[in-house]
Amino acid sequence: MFVTVFALIIINKAGGLIYNRTFHEGGLHKISTNDYLVLAGTFHGVHAITARLNPLKPAATLNRTSTSSSTTTTAATGAGGGAPFARPDPPSGLEVLETENFRMQCFTTLTGIKFLLFTDTTQANVDLTTRRVYDLYTDYVMKNPFYQLEMPVRCDMFDRKLGSYIREINNR
Amino acid sequence: MVVYSFYIFDRHTECIYAKTWLPPTSSSESHAPGGPTTTLRPASADDAKLIFGTVFSLRNMVRKLGGDDDAFVSYRTAHYKLHFYETASSLRLVMLTDTATLSMRNVLHQIYINLWVEYVVKNPLSPVEHKGGVGVRNELFELGLDQFIGGLM
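Residues numbered from 1 in each chain as written. Chains lettered and ligands numbered in written order. Predicted model: local features only at pLDDT ≥ 70, side-chain atom pairs only at ≥ 80, totals over all residues. Heavy atoms only, no water.

Peer 1: Explain the overall build of chain B to me, and be specific about the residues and the numbers.
Peer 2: From N to C terminus, chain B includes three helices and six strands. Mapped in sequence order, the helices and strands of chain B form the string β-β-β-α-β-β-β-α-α. When the 153 residues of chain B are sorted by exposure, 44% land in the buried category. Counting only contacts in chain B whose residues sit at least 6 apart along the sequence, the fraction spanning at least 24 positions is 50%. Taken as a whole, chain B presents about 7500 Å² of accessible surface, with 57% of it coming from carbon and sulfur. (Helix = DSSP H or I, 4+ residues; strand = E, 2+ residues; numbered from the N terminus. Buried < 20%, exposed > 50% of the residue type's maximum accessible area, 1.4 Å probe, protein only. Contact = heavy atoms within 4.5 Å. Areas by Shrake-Rupley, 256 points an atom, 1.4 Å probe, with all protein chains shown as cover.)

Okay, structure coming up:
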């Protein structure tokens, strides 16, 4: 399994590009920083639409009222019994995009920050890689006292750690 | 695998065919407490527009990043997967399935070759442009599509 990571993009919750780095030349076409900004904004909108397009709808409300009376007496031990108004799953937007030449994994944090990881088309645990990148982000960006929220990421430590982590993957 | 819906868009970006399939789970068991309570959301006319917008933006994004020869194939969310196939004449076929489905590119290609070309393009009574879906909603095409999708599920 040779996974090559081409690039990483981080988009803040407003759809602005806050980090953009290419790890492997030749994987993706070179586009200008302005185009990257446009791309980030476009993707942010598309991501919101894909969450709305879900053809399945979650449990209906009438279902909940009919079952709650019977479950409160019997299923008090279960997780569902304690919460008759169980919260539905949060809407999930695009997670993986596949094309002929590359594959894009999108990881959305609960706070709305999106990590887009561009890899080649062979699939092997890209999910884990995005989580690890998120770990690095929390460790070296969020804990940096000089970092301002929602602003472009300029942290040396993050750059270095991310660089060595991705190099390790690409040389495997 | 489950196919939720299927759309065809012509080169003028108009939706000329749309069809949705009901999920195989019967409605009686969805009322059982704790059972699977997912039902199909009623498809609206806006869905086709939203899908086209999504597919169009993603296709442009992919072309920008992957080069002009690159083609957008599919995307997946936690709840569904969308497959896309574009012919040389800019006819766009879109299919929504469940997440476990593998690539449906060849299936969409088969629909284009065996159904679209055979029953719509080769139909002498069918117009060249299918404004509002004229000429697409013919009996043979509908029947063939239903059988083809039924065979997959």
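Peer 1: A description of the pairing of strand S5 (residues 103–108) of chain A should follow, citing residues and the corresponding values.
Peer 2: All names here are of chain A. Across the six residues that make up S5, a large majority, five, are buried. By the bridge criterion, three bridges tie strand S4 (residues 96–99) to S5 in an arrangement that is antiparallel. The residue of S5 that forms the bridge with Glu-98 is Arg-103. Turn length for the S4-S5 hairpin, with the two strands adjacent in sequence and antiparallel, is three residues. Connecting S5 to the antiparallel partner strand S6 (residues 114–119) that follows it, the hairpin turn spans five residues, and Gly-112 within it adopts a positive phi of roughly 95°. (Pairing = 2+ DSSP bridges.)

Peer 1: Please give an account of the nonpolar core that cites residues and values.
Peer 2: In terms of nonpolar packing, the biggest core is built from 40 residues, with A:Met104, A:Phe118, B:Ile51, B:Phe72, B:Tyr75, B:Leu82 and B:Val94 touching the most fellow members. Of all the elements, helix H1 (residues 45–66) of chain B adds the most residues to this core, at eight residues. In this structure B:Leu82 touches B:Ile51, B:Val55, B:Phe72, B:Val73, B:Ser74, B:Tyr75, B:Val94, B:Met95 and B:Leu96, once residues within four positions along its chain are discounted. Counting 23 residues, the second-largest nonpolar core is a separate cluster that includes A:Ile10, A:Phe23, A:Leu117 and A:Leu136. (Core = buried A, V, L, I, M, F, W, Y, C linked by side-chain atoms within 4.5 Å.)

Peer 1: Give a description of the sheet that holds strand S2 (residues 17–22) of chain A that names residues and reports values.
Peer 2: Taken together, 10 strands build an open sheet; the order of strands is S2(A)-S1(A)-S6(A)-S5(A)-S4(A)-S4(B)-S5(B)-S6(B)-S1(B)-S2(B) and the sheet is antiparallel. With one partner strand each, in any of the chains shown, S2 of chain A together with strand S2 (15–20) of chain B form the two edges of the open sheet. Between one strand axis and the next, the sheet turns through 10° on average, direction left out of account. Together, strand S1 (5–11), S2, S5 and S6 of chain A together with strand S4 (72–76) of chain B form the strand contacts of helix H1 (residues 33–52) of chain A, whose direction differs from that of S2(A) by roughly 115°. (Axes fitted to C-alpha atoms, helices over the stretch in contact; angles between N-to-C directions.)

Peer 1: Lay out the interface of chain A and chain B in plain terms, naming residues and giving numbers.
Peer 2: Chain A puts 35 residues into the contact, and the matching count from chain B is 37 residues. Taking both sides of the interface into account, the surface hidden between chain A and chain B amounts to around 3500 Å²; carbon and sulfur atoms contribute 63%. For the chain A face of the interface with chain B, the top three residues by lost area are A:Leu53, A:Pro55 and A:Lys57, together amounting to 19%. Summed over the shared surface of chain A and chain B, the number is two salt bridges. Across the pair B:Arg105 and A:Glu100 runs a salt bridge, and its minimum N-O distance is 3.0 Å. (Buried area = accessible area lost by both parts, 1.4 Å probe. Salt bridge = Lys/Arg side-chain N within 4 Å of Asp/Glu carboxyl O.)

Peer 1: So what's going on with H1(A)? Residues and values would help.
Peer 2: With 20 residues, H1(A) should cover 28 Å at 1.5 Å per step; its first-to-last C-alpha distance of 29 Å lies within 8% of that length. All of the buried residues in H1(A) are A:Tyr36, A:Leu39, A:Ala40, A:Phe43, A:Val46, A:His47 and A:Thr50. End-on view of H1(A): buried residues confined to an arc of 140°, all on one side of the axis. H1(A) presents A:Asn34 and A:Arg52 as exposed residues on the side facing more than 90 degrees away from its buried surface. For H1(A), the secondary structure elements touched by its buried residues are S1, S2, S5 and S6 of chain A together with H1 and S4 of chain B. (Expected span 1.5 Å × (residues − 1). Arc of directions from axis to C-beta.)

Peer 1: Could you give an account of the packing of aromatic side chains, with specific residues and numbers?
Peer 2: The relation between two aromatic rings is expressed through the spacing of the ring centres and the mutual angle of the planes. Applying the stated criterion across every chain, the model contains 16 aromatic pairs over all chains. Each ring, one from A:Phe115 and one from A:Tyr134, has its centre 5.6 Å from the other, and the planes form 70°; the classification is edge-to-face. Separated by 19 residues along the polypeptide, A:Phe115 in strand S6 and A:Tyr134 in helix H4 (residues 126–142) bring together distant segments of the chain. Here A:Tyr134 falls in the partly exposed class, since its relative accessible area comes to 26%. Their ring planes at 15° and their centres at 6.2 Å tell us that B:Tyr7 and B:Phe9 sit as a pair that is stacked. Here B:Tyr7 matches B:Phe9 in class, with each residue buried. One aromatic cluster is present, built from ring pairs that chain together A:Tyr19, A:Phe107, A:Phe115, A:Tyr134, A:Tyr137 and A:Phe158. (Phe/Tyr/Trp six-rings, centres within 6.5 Å; stacked < 30°, edge-to-face > 60°.)

Peer 1: Before we move on, could you go through the pairing of strand S6 (residues 92–97) of chain B and cite the residues and values that matter?
Peer 2: Residues and elements named next belong to chain B. For S6, a buried count of six out of six residues is recorded, marking the element as mostly surrounded by other parts of the structure. Every second residue of S6 is oriented toward a common face, with Arg-92, Val-94 and Leu-96 on one face and Leu-93, Met-95 and Thr-97 on the other, all of them buried. Where strand S1 (residues 3–9) and S6 come together, six bridges link them in antiparallel fashion. Across the sheet, Phe-9 pairs through a bridge with Arg-92, a residue of S6. Here strand S5 (residues 81–86) pairs with S6 via six bridges, running antiparallel. Bridge assignment links His-83 to a residue of S6, and that residue is Met-95. Between S5 and S6, which pair antiparallel one after the other, the connecting turn spans five residues, and Ser-90 there sits at a positive phi close to 65°.

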